[in-house]
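Structure assessment
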Amino acid sequence: MRFEYNPVPSRAVFGENAALHLKEEVLALGGTRVMIACSTGMVERISHIIQKLGDLCVVVYDGAKPHCPEAVAMTALDIYNRNKADCIVAIGGGSTIGIGKAIALRTNAKFIVVATTPCGSESTPIYGMLIDQEKKTGRDNKVIAKTSIYDPVLTTSMSAHHTATIGMNSLAHCVEALYGKSKSPLSDQFAILGIKALIEGIPASINNPNDLNARGQVLYGGMLSGYCVTLAGIAIHHKLCHVLGGHHGIAHGDSNSVILPYAVAYNESAAPEAMNAIKTTMGSSSACGGIYDFARKIGVPSNLMDLGMSEADLDRAAQETVQTTPYNPRKVDINLVREMLQQAFEGKRPVPF
């Protein structure tokens, strides 16, 4: 057996009401002037957390938007610098974390995330920004949060739709890790544990939004999914979702929800061991079919047509996916990618091809 393993360089604090100890985590990193980044709708929900920071909090920026547009991130960076902050605390999901990453990449900021969704972005070296309708991504360990706080209490207000679709994003991270370029026996274990936590926790959270045990399972699965990205990397699925978000304005969770079973069908013949692991973990006879059935169970979008794409958009999306996917276990062929997108557009039950 031979493999390489680079542990995630981040501290994780997990548990109910863990966010109430944010001040201690800031001080432990040597932070003295904190900027909070969040969305407008988040401010009231986290007012008690901001209050406990006291004088450490010098500014709150509530301008987070989906896919982290360049103007939003650069405005946040300007506010951070003008307030002479030395610590950026992103409280929210992937879009808010994107702001923190933009600042961490360009400064010496101490970077903390309080995750309120299971996106996993906080512990990955991948950063992204929407620039002129294209989702530009890069990779740098500077953007991994120094401390990530996971508090299930802060996730109970997530709608059923967001619980399900963002959960599918995390599931996709775990699934792709099983056939990622840098996979190892350790990343495989993170992936399998993450899949188990998500397929148990997501339905239970939808059925009872205040079930903290279920919410904790989803958040735990999200945390593990972030480790999967860092350790094993991504493949065609996430590159395609970036294309759909950048040029077609589709929310990341929605695109993940539709594309994942079809991306797995695309790779089924090229990654048999990964497919067996997915089938065993999900208790299904087909990897792509098991994911498709789970998606229907939790009520996520089922096709690209319902997400506003037209059939005329599929050729361009296929071309961009081929141009931007650096690794996939199966050759990224323009005709096959177009066929995969057609299946996703129609929403039919996926079949390996």
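This section reports on the structure supplied with the text.

A few points about the overall build of the protein chain
Helix and strand content of the protein chain: 13 helices and eight strands. Compactness check: the protein chain gives a C-alpha radius of gyration of 19 Å against a globular reference of 20 Å for 353 residues, within 12% of the reference. In terms of principal-axis extent, the alpha carbons of the protein chain reach across some 60 × 40 × 40 Å. With 353 residues in all, the protein chain has 59% of them scored as buried. Total accessible area computed for the protein chain in this model is approximately 14100 Å², and 49% of it derives from carbon and sulfur atoms. Charged side chains in the protein chain number 31 positive and 31 negative. The centres of these two groups are separated by 4 Å.

Some details on the side chain of Asn169
Here Asn169 lies in helix H5 (residues 160-177). Of the residues examined, Asn169 reaches a relative accessible area of 6% and is grouped as buried.

Here's the deal with the sheet that holds strand S3 (residues 57-61)
Taken together, six strands build an open sheet; the order of strands is S1-S8-S5-S4-S2-S3 and the sheet is parallel. Of all strands in the sheet, those bounded by a partner on one side alone are strand S1 (11-14) and S3. Taking the axes of each pair of neighbouring strands and ignoring which way they run, one obtains an average angle of 15 degrees across the sheet. Relative to strand S8 (residues 147-150), strand S5 (residues 110-115) is paired through four bridges, and the arrangement is parallel. The partner of Val113 across the bridge, within S8, is Ser148.

Let's talk about the side chain of Thr155
Structurally, Thr155 is set in the loop between S8 and H5. Ignoring any residue separated from it by four or fewer positions in sequence, one finds Thr155 in contact with Thr116, Arg215 and Leu219.

Digging into the pairing of strand S6 (residues 126-131)
In this structure, S6 lies alongside strand S7 (residues 134-139), joined through six bridges in antiparallel fashion. Within S7, the residue paired with Leu130 across the bridge is Lys135. Here S6 hands over to S7 after two residues, with Asp132 in that stretch at a positive phi of 50 degrees.

Some thoughts on a nonpolar patch on the surface
Together, Met1, Phe3 and Leu186 make up an exposed nonpolar region whose accessible area comes to about 360 Å². Tracing the backbone shows Met1 in the segment before S1. Residue Met1 is classed as exposed on the basis of its relative accessible area of 90%.

Side note on the environment of Thr165
Take Thr165: it is sitting in helix H5. A sequence separation of 91 residues divides Thr165 from Asn256, and the C-alpha atoms of the two residues are 7.2 Å apart. Thr165 has contacts with Gly253, Asp254, Ser257, Val300 and Pro301, leaving out every residue within four places of it along the chain.

Details of the environment of Lys146
Here Lys146 is to be found in the loop between S7 and S8. For Lys146, a relative accessible area of 46% translates into the label partly exposed. Separated by 112 residues in the primary sequence, Lys146 and Val34 have C-alpha atoms spaced 14 Å apart. Apart from the residues lying within four places of it in its own chain, the contact partners of Lys146 are Ser10, Arg11, Leu29 and Phe111.

Rules used throughout
Residues numbered from 1 in each chain as written. Predicted model: local features only at pLDDT ≥ 70, side-chain atom pairs only at ≥ 80, totals over all residues. Heavy atoms only, no water. Helix = DSSP H or I, 4+ residues; strand = E, 2+ residues; numbered from the N terminus. Rg over C-alpha atoms; globule rule 2.2 N^0.38 Å. Buried < 20%, exposed > 50% of the residue type's maximum accessible area, 1.4 Å probe, protein only. Areas by Shrake-Rupley, 256 points an atom, 1.4 Å probe, with all protein chains shown as cover. Lys, Arg positive; Asp, Glu negative; His and termini not counted. Charge placed at Lys NZ, Arg CZ, Asp CG, Glu CD. Pairing = 2+ DSSP bridges. Axes fitted to C-alpha atoms, helices over the stretch in contact; angles between N-to-C directions. Contact = heavy atoms within 4.5 Å. Patch = residues over 30% accessible without salt bridge, like charges linked within 9 Å, V, L, I, M, F, W, Y side chains within 5 Å. Salt bridge = Lys/Arg side-chain N within 4 Å of Asp/Glu carboxyl O.

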